[in-house]
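This is what each chain is made of:
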Amino acid sequence: MSAVAGPWQPVDDRRCELGEGARWLSSGRFVFVDLLAGRLFSTSGEPGAGAREKLALDVPLGAVAEHPDGWIAAAGEGIAVLRQEEPTWLARPAAEAEVAMRMNDGVADARGRFWAGAMPYGGEPGTGFLLRVDPDGSVHRVLDGLTIPNGPAVTADGSRLFLADTPTGWIRAYDVDPVTGDLSPAHAFAHVEDGGPDGMVVDADGYVWSAIWGAAQLRRFGPDGALREVVEVPVRQPTSIALSATGPGRILVTSATHGLDDPGGLDGCTITATTEVQGIAAASFG
């Protein structure tokens, strides 16, 4: 039996150039971003329910996590705290790179840290990196040599982090030191050959879901990295996944029209379906 019952339906008729950053919050709603447009949206995730714009930036917005003062975000060339007023920048390490870069996806873990990747606009191999933001607001560059870091996703207890490097097809796993946040050497978790692993989420059973850019699929991997299920979706470029943790099971998937000469009927839409799989509410920063 499939983990997703379907049918897939759009949340509304909005088309994102690059939808991303889908998360299920403990408040019982989903959030997602239109990354290149710098917009954050909130939705119940029901078909046709619509999405409400929560904030807008004049720089790309990759992903957010809840923060005591609003949101912490992977945005523009760094990490910012977003309130009603102008962003408060904690650091802008991507501004110091030799090639043009922007922040991409990010996630908070159970110990209040925020993990976020930076990627080159031009796809220059090995120029991307991963940041860790500690609860005290300090920003640390923890992994180099990446190209387009995506995910990242964390287990419920924060002990393991999963990170995709989309052009290479690799999803790697790292053990996280509970005190320092230091990462272990990489473990090869899974490899995708027909498409690129994009946004990820870990469900309540410890299975890792990956949106497969270019393949119109979601893939669900066991905790050991074995492929357990392939779920077809009606969008060519799915980008991120969120699973509800309460109430009737619902899965939300963002997608993109970026790079498509002839977007199909639902390309760029944020789509939803029913599922028997339970998610984990996204952790908060701090």
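Residues numbered from 1 in each chain as written. Predicted model: local features only at pLDDT ≥ 70, side-chain atom pairs only at ≥ 80, totals over all residues. Heavy atoms only, no water.

**Notes on the pairing of strand E22 (residues 238-243)**
What counts is decided by this rule: Burial classes: relative accessible area under 20% of the type maximum marks a residue as buried, over 50% as exposed, and values in between as partly exposed (1.4 Å probe, protein chains only). The numbering of helices and of strands both runs from the N terminus, where a helix is a DSSP run of H or I of at least 4 residues and a strand a run of E of at least 2. Only strands joined by at least two bridges in the DSSP assignment are considered to pair.
With 6 of its 6 residues buried, E22 lies for the most part within the structure. By the bridge criterion, 5 bridges tie E22 to strand E23 (residues 250-255) in an arrangement that is antiparallel. Pairing of Ser 240 across the sheet is with Thr 254, part of E23. Remark: 6 residues form the turn of the hairpin made by E22 and E23, two consecutive strands paired antiparallel; Gly 247 in that turn has positive phi of roughly 70°.

**Description of the nonpolar core**
Note the cut-off: We call a set of buried Ala, Val, Leu, Ile, Met, Phe, Trp, Tyr and Cys residues a nonpolar core when their side-chain atoms join them within 4.5 Å. Pairs of residues are marked as contacts when any of their non-hydrogen atoms sit within 4.5 Å.
Of all hydrophobic cores here, the largest spans 18 residues; its most connected members are Val 4, Trp 8, Trp 209, Leu 218, Ile 241, Ile 251 and Ile 271. Elements with a contribution of two residues or more to this core: strand E19 (208-213), E22, E23 and strand E24 (271-274). Look past the residues within four positions of Trp 8 in its chain and what remains in contact with it is Leu 218, Val 231, Glu 232, Val 233, Pro 234, Ile 251, Val 253, Ile 271, Thr 272 and Ala 273.

**Focus on the environment of His 258**
Tracing the backbone through its elements, the reader meets His 258 in the loop between E23 and E24. For His 258, a relative accessible area of 37% gives the class partly exposed. Separated by 222 residues in the primary sequence, His 258 and Leu 36 have C-alpha atoms spaced 9.5 Å apart. Excluding residues within four positions of it along the chain, His 258 makes contact with Glu 17, Leu 36, Trp 213 and Gln 237.

**What about the pattern of salt bridges?**
How we decide: Salt-bridge detection follows one rule: a side-chain nitrogen of Lys or Arg within 4 Å of a carboxyl oxygen of Asp or Glu.
All chains considered together, the criterion is met by 16 salt bridges. As a salt-bridge pair, Arg 132 and Asp 134 come within 2.7 Å of each other at their nearest N and O atoms. In terms of burial, Arg 132 and Asp 134 fall into one category: buried. Bridged by salt links that share partners, the residues Arg 132, Asp 134 and Asp 182 form one connected network.

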